[in-house]
Amino acid sequence: MFYETAKNDHGLPRDPFKAIVVPRPIGWITSISATGEINLAPYSFFNAVSEEPPMVMFSSGGRKDSISFIEETREFVCNFASFALREAMSKTGTEFPRGVNEMSEAGLEPAPARLVRPPRVAAAPCALECKLLQIVDLRDLDGQTSQRYVVFGQVVGVHIDDRFIKDGRLDTAAMQPIARCGYSDYAVVNEVFPMVRPRLPRQPPKPEAAE
Ligand SMILES: Cc1cc2nc3c(=O)[nH]c(=O)nc-3n(C[C@H](O)[C@H](O)[C@H](O)COP(=O)(O)O)c2cc1C
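Here is what the cut-offs are and how they apply
Residues numbered from 1 in each chain as written. Predicted model: local features only at pLDDT ≥ 70, side-chain atom pairs only at ≥ 80, totals over all residues. Heavy atoms only, no water. Pairing = 2+ DSSP bridges. Helix = DSSP H or I, 4+ residues; strand = E, 2+ residues; numbered from the N terminus. Patch = residues over 30% accessible without salt bridge, like charges linked within 9 Å, V, L, I, M, F, W, Y side chains within 5 Å. Areas by Shrake-Rupley, 256 points an atom, 1.4 Å probe, with all protein chains shown as cover. Salt bridge = Lys/Arg side-chain N within 4 Å of Asp/Glu carboxyl O. Buried < 20%, exposed > 50% of the residue type's maximum accessible area, 1.4 Å probe, protein only. 1 Å grid on protein atoms, 1.4 Å probe; cavity = no way out; pocket = protein on both sides within 12 Å on 5 of 7 lines; lining within 4 Å. Points joined across faces, edges and corners; volume = space filled by probe spheres on them. Nonpolar A, V, L, I, M, F, W, Y, C, P; charged D, E, K, R; others polar.

(A) Summary view of the sheet that holds strand 13 (residues 178–180). The 3 strands are arranged 1-13-14 in an open sheet whose pairing can be described as antiparallel. Unpaired on one side and paired on the other, strand 1 (24–25) and strand 14 (186–188) mark the two borders of the sheet. Where strand 13 meets strand 14, 3 bridges bridge the pair, whose relative direction is antiparallel. For Ile178, the partnering residue across the bridge sits in strand 14 and is Val188.

(B) Structural context of a nonpolar patch on the surface. On the surface, a nonpolar cluster with roughly 380 Å² of combined accessible area is contributed by Phe17, Ile20, Val21 and Phe45. Turning to its location among the elements, Phe17 is positioned in helix 1 (residues 17–20).

(C) Broad picture of the pattern of salt bridges. Counting across every chain of the model gives 9 salt bridges. Here Lys7 makes a salt bridge to Glu4, at a shortest N to O gap of 3.1 Å. Lys7 sits in the exposed class, given a relative accessible area of 55%. For the salt bridge of Glu37 with Arg98, the shortest nitrogen-to-oxygen distance reads 3.4 Å. Highlighted residues: Glu37 in the loop between strand 2 (27–32) and strand 3 (38–43) and Arg98 in the loop between helix 3 (86–91) and helix 4 (102–105), separated in sequence by 61 residues. Beyond isolated ion pairs, a larger network of salt bridges with shared partners links Glu37, Glu72 and Arg98.

(D) View of the environment of Asn79. For Asn79, the location among the structural elements is in strand 6 (residues 75–79). Put simply, Asn79 and Ala123 are 44 residues apart on the chain and 9.3 Å apart in space, counted from C-alpha to C-alpha.

(E) Structural detail: the layout of surface pockets. As a volume, the second largest pocket reaches approximately 710 Å³. Elements that contribute at least two residues to the lining of the second largest pocket include exactly strand 3, strand 5 (54–61), helix 2 (65–73), helix 3 and strand 10 (145–160). Element by element, the count of residues in the lining of the second largest pocket is highest for strand 3, at 4 residues. Of the residues assigned to the lining of the second largest pocket, the class counts are 10 nonpolar, 10 polar and 8 charged.

Shown next as C-alpha cells:
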C-alpha cells in the first residue's frame, strides 16, 4: 500500500506512522522549574543525535511542562525506563497539572544529579545529565509552526547502575530497556546480537565501529 500523508488516505482505522518508526527509545525527562517544582514525563520522540560531544533530543507536541521548565532552568535529566519500571513510566505520562510531581505520583524515589539541578530516577538503570543547547520550533512545509518543539541538550554527566556493567561493557539485555511502538504497544530489549561493520581493505580495522 501507499498513502500520502497530506491526505492520510491509508484506509486503516488508525494512522500507522508511529507503528512504522519503531522501536523508539523513551527519554524519561526530569526537569525543574525556576521555583523548584519537579517534573517527570516520558517522551518517545527522543534519541541521541551525537556521540562527541554526546547530545540528545526530544520533541514535545505543544508547550508541555517539561519544555516550560527546561526553558526556565536550562537543564534536564534523561532517565531510561526498564521493563521493571514500565508501570511507573506509564503513570508519569498522565497529563497532571503543572506543579504536580509525577515522580511522587508514580512512587519513584529521586536521587540527586551531580552537575544539574533536576533529580534523576534512582531506580533507572541509566540517566544522562543534560544542559540545554536549543529549542527548535519545527516549521512545516508551509512555513507554519507545527506546535512541535524539539529540545536539544548536551550530556554533561552519565549515571550507570554498576549492576549492569559486565566485563567492562554495558549489558544492555540485562537492563531490559523498554521502547515505544505503535498504538499501545511497547518493546523490551532482552536479547542483542553483534555484527561488525564491514571495512574496505585499505581502512584500518576498528575494534568497534562508531555507527
Ligand atoms: C511512552 C510515552 C511516550 C510519550 N512520548 C511523547 C512524545 O514524544 N512527545 C510528547 O509531546 N508527548 C509524549 N508523551 C505524552 C507525555 O508524556 C504527556 O503528555 C505528559 O503528560 C507530558 O508531561 P509534562 O507536561 O509534564 O511535560 C508520551 C507518553 C508516553 C506514555
